[in-house]
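Now for the letters of each chain:
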Amino acid sequence: MENKSKLSKFYIFIPLALLCCLLWGSAFPSIKVGYALFDISADDSYSQIFFAGIRFFLAGIMVIAVGSVMQKRVLYPKGRAEFGRMILLSLFQTILQYTLFYIGLAHTSGVKSSILIAVNVFFSIIISTLVFKIEKLTVQKSVGAAVGFIGIIIINLTADGFGGGFSLNGEGAMILSSLAYSVSSVLIKKYSQKSDTVMLSGWQFLFGGAVMMLFGFAAGGRITQVGGANGILMILYLAFISAAAYTVWGVLLKHNPVSKLSVIGLMNPVFGVILSAVFLGEAAEAFSLKNLSALVFVCAGIVVVNSKISLQKRKS
């Protein structure tokens, strides 16, 4: 109970959740740079899946190795039920989410991908409250998510409207990736009550990465260029992002409502936009008045959801 109360404290789970968002946000430009280093074209979907599989297979090894050392025992799924949970979690958290994510990112900009992925906030709240019914849909959660998402809309507005175009293999893939992520968040919340979160995180990465590598390779995906030391460091960094961020996020989900963390997850696209702008040469767009205004709305949404003042009580 002591660990649970500490990880539920505002001043502890907010910084840890923001660190996860920063790591995830850095993945958008990192993957784009990785495509260039490994000479993977935007139309080579199978090589993208193969590349992603390598990343997550390495992430799984990292999580299992570090978790086993810290807990002084080898972490692995015990029994048919736990193995089944790992497989189902891997299907949504790694295989579906990142197959769609890598394809979508190859067909749209890093800035726009960062923004579109934020629809997982709505999906997570709907799935956790209306589908799985593990939480209650309150006015406070709804208002917080709505306020935060206004920032996402603002940051995506252009002279052509909402992003200036939509394609199934670009924006569509990103939205479906968000849906898969939202399902995985709820599954982690449920499964963490019965299984070790670190074990689940590591093995679902290992299994999902292996499936993606095998599928991508069998379909013709290849890595023909490594990109030297920079390429190796990049794939290791991408693996570290997944290993660190998802493990910490999974532990936080065990002790906090899905909806609270989902709204904090709105910072993911903010970091993604800023880092994509810096490393992909779009600084002028990222630091415009429009985008700074969007950041204010996102932060306001986080404050509303995590405020101790209940909007329902105020209304009554």
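Structure: see above.
Cut-offs applied
- Residues numbered from 1 in each chain as written.
- Predicted model: local features only at pLDDT ≥ 70, side-chain atom pairs only at ≥ 80, totals over all residues.
- Heavy atoms only, no water.
- Core = buried A, V, L, I, M, F, W, Y, C linked by side-chain atoms within 4.5 Å.
- Buried < 20%, exposed > 50% of the residue type's maximum accessible area, 1.4 Å probe, protein only.
- Contact = heavy atoms within 4.5 Å.
- Helix = DSSP H or I, 4+ residues; strand = E, 2+ residues; numbered from the N terminus.
- Axes fitted to C-alpha atoms, helices over the stretch in contact; angles between N-to-C directions.
- Left-handed = near helix turned anticlockwise from the far one by under 90°.
- Nonpolar A, V, L, I, M, F, W, Y, C, P; charged D, E, K, R; others polar.
- Patch = residues over 30% accessible without salt bridge, like charges linked within 9 Å, V, L, I, M, F, W, Y side chains within 5 Å.
- Areas by Shrake-Rupley, 256 points an atom, 1.4 Å probe, with all protein chains shown as cover.
- Salt bridge = Lys/Arg side-chain N within 4 Å of Asp/Glu carboxyl O.

A. Quick peek at the nonpolar core. In this structure, Trp 24, Phe 101, Tyr 102 and Trp 249 are the most contacted members of the largest nonpolar core, which totals 72 residues. If near-sequence neighbours (up to four positions away) are discounted, Tyr 102 is found in contact with Ile 31, Tyr 35, Gln 48, Phe 51, Ala 52, Arg 55, Phe 56 and Leu 238.

B. Spotlight on the environment of Pro 77. With respect to the secondary-structure elements, Pro 77 resides in the loop between α3 (45-71) and α4 (79-106). For Pro 77, a relative accessible area of 16% gives the class buried. Note: C-alpha distance between Pro 77 and Ser 195 (118 residues apart in sequence) is 8.5 Å. With residues near it in sequence (within four places) discarded, Pro 77 still touches Glu 82, Phe 83, Met 86, Met 199 and Trp 203.

C. Spatial organisation of the packing of helix α2 (residues 10-37) against α4. It is at 10 Å that the axes of α2 and α4 come closest, and there the two elements cross at 65°. The element α2 and its partner α4 pack so that their crossing is right-handed. Residue-level contacts link Trp 24, Phe 28, Ile 31, Lys 32 and Tyr 35 of α2 to Tyr 98, Phe 101, Tyr 102, Leu 105 and Ala 106 of α4. Tallied by class, the residues present in the contact of α2 with α4 amount to nine nonpolar, no polar and one charged.

D. Region of the structure containing a nonpolar patch on the surface. On the surface, Phe 122, Ile 126, Leu 130, Val 131, Phe 132, Ile 134 and Leu 137 cluster together to form a nonpolar patch covering roughly 590 Å² of accessible area. With respect to the helices and strands, Leu 137 occurs in the loop between α6 (120-131) and α7 (139-156). Leu 137 gets classed as partly exposed once you look at its relative accessible area, which sits at 43%.

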